Amino acid sequence: MKTLLALSRLIDAVTDRFAAVAKWAILAACAISTTNAVVRYSLNYSSNAFLEIQWYLFAICVMFGAAQVLRVNEHVRVDIFYGMYPTRTKVVIDLLGLMLFLLPMTLFIAWSSLPVLTKMFLSQEMSGNAGGLIRWPAMLTIPLGMCLVALQGVSEVIKRVGWLMHVHDMDTHYERPLQ
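Remember, it's a predicted structure, so these values are computed and weren't measured experimentally.

(A) The arrangement of the overall build of the protein chain in detail. In terms of regular secondary structure, the protein chain is built from four helices and zero strands. Going from N to C terminus, the protein chain has its helices and strands arranged as α-α-α-α. Its C-alpha atoms give the protein chain a radius of gyration of 20 Å, clearly above 16 Å, the size a compact globule of 179 residues would have. A principal-axis box enclosing the C-alpha atoms of the protein chain has dimensions of 60 × 40 × 30 Å. Taking the intrachain contacts of the protein chain between residues at least 6 apart in sequence as the baseline, contacts between residues at least 24 apart amount to 75%. As displayed, the protein chain has an accessible area near 11,300 Å², and 70% of this comes from carbon and sulfur atoms. Distance between charge centroids for the protein chain: 3 Å, based on 14 positive and 11 negative side chains.

What follows is the structure, given as structure tokens:
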């Protein structure tokens with residue numbers, strides 16, 4: 001179990017690195033958006049590339065940040081009854097949800113996106129907009145992001161199994177979101 005917990009810490013560190021990229025992508029998207037607005041209204045000039053790069057950066061924010069959201073336990077739960085359960089039951093529910101739903105779906109989405117990514121990469125597909133960008137870098141965020149979430153899911157499974165075996169101390173506090 002020590003080796004698995006070490007692997008979990010390594011996955012968490014990788015997730016933190018990609019989360020940092022997501023944070024910088026947010027900053028870059030804001031800067032580009034601001035610059036685009038200033039240039040458009042002051043110099044009467046606009047470029048579709050400026051608009052599209054914002055979407056690409058948003059894709060990076062979402063797809064690279066999703067694993068971090070899971071890591072810090074801020075993901076969305078359907079928690080009608082979850083908050084009423086004792087901690088051990090919550091951990092078992094999390095474990096089952098991770099193994100039965102999160103891991104299969106993230107891997108399925110990643111796998112399913114590869115043919116589209118490959119087609120875009122090989123054809124060097126471009127946006128249909130004048131001055132638009134090449135599309136495959138944005139598409140790459142889908143399989144990469146889903147693999148990151150799946151890896152983080154593996155880390156979360158390890159932590160929960162460790163907690164159930166009493167060899168890992170994990171913050172099990174859950175606060176139901178305000179509705």
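(B) Layout of the environment of F50. One can find F50 in helix 2 (residues 48–71). Assessed through its relative accessible area of 34%, F50 is described here as partly exposed. Ignoring sequence-local partners within four residues, the contact set of F50 consists of I32, N36 and Y45.

(C) Structural detail: the nonpolar core. Ranked by internal contacts, the top residues of the largest apolar core, which has 18 residues, are F64, V91, V157, W163 and L164. Among the elements that take part in this core, helix 4 (residues 136–164) stands out by supplying seven residues, more than any other. Beyond its immediate stretch of four places on either side in the chain, F64 contacts F18, A19, V21, A22, A59, L144 and L148.

(D) Summary view of the pattern of salt bridges. According to the stated counting rule, one finds six salt bridges in the structure shown. Here K159 and E156 are joined by a salt bridge, their closest N and O atoms 2.9 Å apart. Here the residue K159 and the residue E156 both occupy positions in helix 4, the gap between them amounting to three residues, near one helical turn. Like E156, K159 is buried. We note a salt bridge from R160 to E156, for which the minimum N-O separation is 2.7 Å. With R160 and E156 both in helix 4 and four residues apart, the pair spans about one turn of that helix. Here R160 falls in the buried class, since its relative accessible area comes to 6%. The network of salt bridges with shared partners includes D12, D94, E156, K159 and R160.

(E) Highlighting the packing of helix 3 (residues 87–123) against helix 4. Helix 4 packs onto helix 3 with a crossing angle of 160 degrees between their chain directions and a minimal axis gap of 8 Å. In this view, helix 3 runs roughly antiparallel relative to helix 4, as classed from their interaxial angle. The element helix 3 and its partner helix 4 pack so that their crossing is left-handed.

(F) Seen up close, the state of the cysteines. Going through the model one piece at a time under the given rule, you end up with zero disulfides. Summary of cysteine pairing: C30 is not part of a disulfide, and the nearest cysteine sulfur, belonging to C61, is at 8.1 Å. The exposure class of C30 is partly exposed, given its relative accessible area of 44%.

Criteria and cut-off values
- Residues numbered from 1 in each chain as written.
- Predicted model: local features only at pLDDT ≥ 70, side-chain atom pairs only at ≥ 80, totals over all residues.
- Heavy atoms only, no water.
- Helix = DSSP H or I, 4+ residues; strand = E, 2+ residues; numbered from the N terminus.
- Rg over C-alpha atoms; globule rule 2.2 N^0.38 Å.
- Contact = heavy atoms within 4.5 Å.
- Areas by Shrake-Rupley, 256 points an atom, 1.4 Å probe, with all protein chains shown as cover.
- Lys, Arg positive; Asp, Glu negative; His and termini not counted.
- Charge placed at Lys NZ, Arg CZ, Asp CG, Glu CD.
- Buried < 20%, exposed > 50% of the residue type's maximum accessible area, 1.4 Å probe, protein only.
- Core = buried A, V, L, I, M, F, W, Y, C linked by side-chain atoms within 4.5 Å.
- Salt bridge = Lys/Arg side-chain N within 4 Å of Asp/Glu carboxyl O.
- Axes fitted to C-alpha atoms, helices over the stretch in contact; angles between N-to-C directions.
- Parallel < 35°, antiparallel > 145°, perpendicular 65-115°, else oblique.
- Left-handed = near helix turned anticlockwise from the far one by under 90°.
- Disulfide = S-S within 2.5 Å.

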